[in-house]
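Structure at a glance
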Amino acid sequence: MDGQRVESRNGSGLKIGLALGSGAARGWAHIGVLRALEESGIEPDIICGTSIGAAVGAAYLTDQLDELQAWAQKMGWLGMLGIIDLTFRRGGLVASEKAFERFHNERTDVRIEDLPLSFASVATDLSTGREIWLRDGPLLPAVLASAAMPGLFPAVRHEGRWLVDGALVNPVPVSLCRALGADVVVAVNLNSELSPLGRPNAKAEARREPVTAGGDAISPTFSQLTGQISTWLGRKPNRRTRFLADQLDHSRAQVPNALEVMAGSIDIMQDRITRSRLAGEPPDVLIAPRLAHIGILEFDRAAEAVEIGYAAASMLRPSIELALRRA
């Protein structure tokens, strides 16, 4: 469906675009945001997503938000282990077919242009670094490509190109919402608190504790996850898997392990790119849930993230209504 032909669903006559940003496990907050907007009677006409934002946006548009929330909140860290690919043969730590297989059904087996609202996702061309807007074609491949976080999910082959996470180029797709015809853009930035420069007493915090994924201490859940993977890998006799086990086992020394380095690096990258893109392409309303204490791989903290997203969006209802009156 062409965004330029969409009729507004709101009484203002203006088309609202919702830009759902990247953030991996923090992305469950998008579910809470959508719930709060729905309760407030604020209905988007255009939804654009990057990475986890594309996945939640697609679930909303295919009427599977309830199923996604239920699955996420029941996952737990044992469920996370169930989608890990210990062989790394597919180019990522997570086997994407395991993670998304329950959502491969008749509702997701549709083309983007046949969805009830305009939708698009952002991906990155691995060969050229170009930003790719996926606005038509099969829905699920467009979501998988947008969410192919380097090191975590494998790259996706799409129309002759290898595509990876759109967060590498456009973490909060405000520009895509504008391109599809949005008059008012409401953006959700899941990574607003990640940079130490943006937090009070940052220098003191840096002296007190080491830098870890998400800017906070690694949670017991994350420690269990990396420890269990380490144990499994350590049982294998070959040199390569023993090296990987040593990398994942952070109990041997007070240094970041491989997953913590990857997660922390992605946090830094997303924060810097997001700040740059939002400075040049500001939304009309920016929802920024306070999620720095949730690491990008802590997918088991869905209930907490949903609640935080709901609260953040609810607080900004007056701002959204004011933006609609001013536009």
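Notes on the structure in this doc start here. (Residues numbered from 1 in each chain as written. Predicted model: local features only at pLDDT ≥ 70, side-chain atom pairs only at ≥ 80, totals over all residues. Heavy atoms only, no water.)

**Observations regarding the nonpolar core**
By size, the foremost hydrophobic cluster in this structure holds 70 residues, and its most contacted members are L18, W28, L68 and F119. At eight residues, helix α2 (residues 52–61) tops the list of elements feeding residues into this core. Other than its neighbours up to four places away in sequence, F119 contacts I47, A54, G57, A58, L61, I112, L134, R135 and L139. In this structure, C48, V172, A182 and V185 belong to the second largest nonpolar core, which totals 15 residues. (Core = buried A, V, L, I, M, F, W, Y, C linked by side-chain atoms within 4.5 Å. Buried < 20%, exposed > 50% of the residue type's maximum accessible area, 1.4 Å probe, protein only. Helix = DSSP H or I, 4+ residues; strand = E, 2+ residues; numbered from the N terminus. Contact = heavy atoms within 4.5 Å.)

**Here we look at the pairing of strand β4 (residues 131–134)**
In β4, alternate side chains face the same way, and those of I132 and L134 are buried while those of E131 and W133 on the opposite face are not. Here strand β3 (residues 118–125) folds back onto β4, and the loop between the two strands holds five residues, one of which, G129, carries a positive phi near 80 degrees. (Pairing = 2+ DSSP bridges.)

**As for the side chain of S146**
When you line up the elements, S146 lands in helix α6 (residues 139–146). Aside from chain neighbours lying at most four places away, what touches S146 is G49, T50, S51, A54, S121, V122, A123, D165 and G166.

**Quick notes on the state of the cysteines**
Applying the stated criterion to the full structure yields zero disulfides. Unpaired in terms of disulfides, C48 finds its nearest cysteine sulfur in C177, a separation of 3.7 Å. For C177, a relative accessible area of 0% corresponds to the buried category. (Disulfide = S-S within 2.5 Å.)

**Focus: the pairing of strand β2 (residues 46–50)**
Within β2, five of the five residues are buried, leaving the element largely enclosed by the surrounding structure. Burial along β2 is two-sided: the face carrying I46, C48 and T50 and the face carrying I47 and G49 are both buried. In this sheet, β2 lies alongside strand β1 (residues 16–20) in parallel orientation, the contact comprising four bridges. Counted as the bridge partner of G17 is I46 from β2. Between β1 and its parallel partner β2, the chain crosses via helix α1 (residues 29–39), and the hand of that crossover is right-handed. (Right-handed = clockwise from strand over helix to strand, strands pointing away.)

By themselves, these are just geometric observations and shouldn't be taken as functional.
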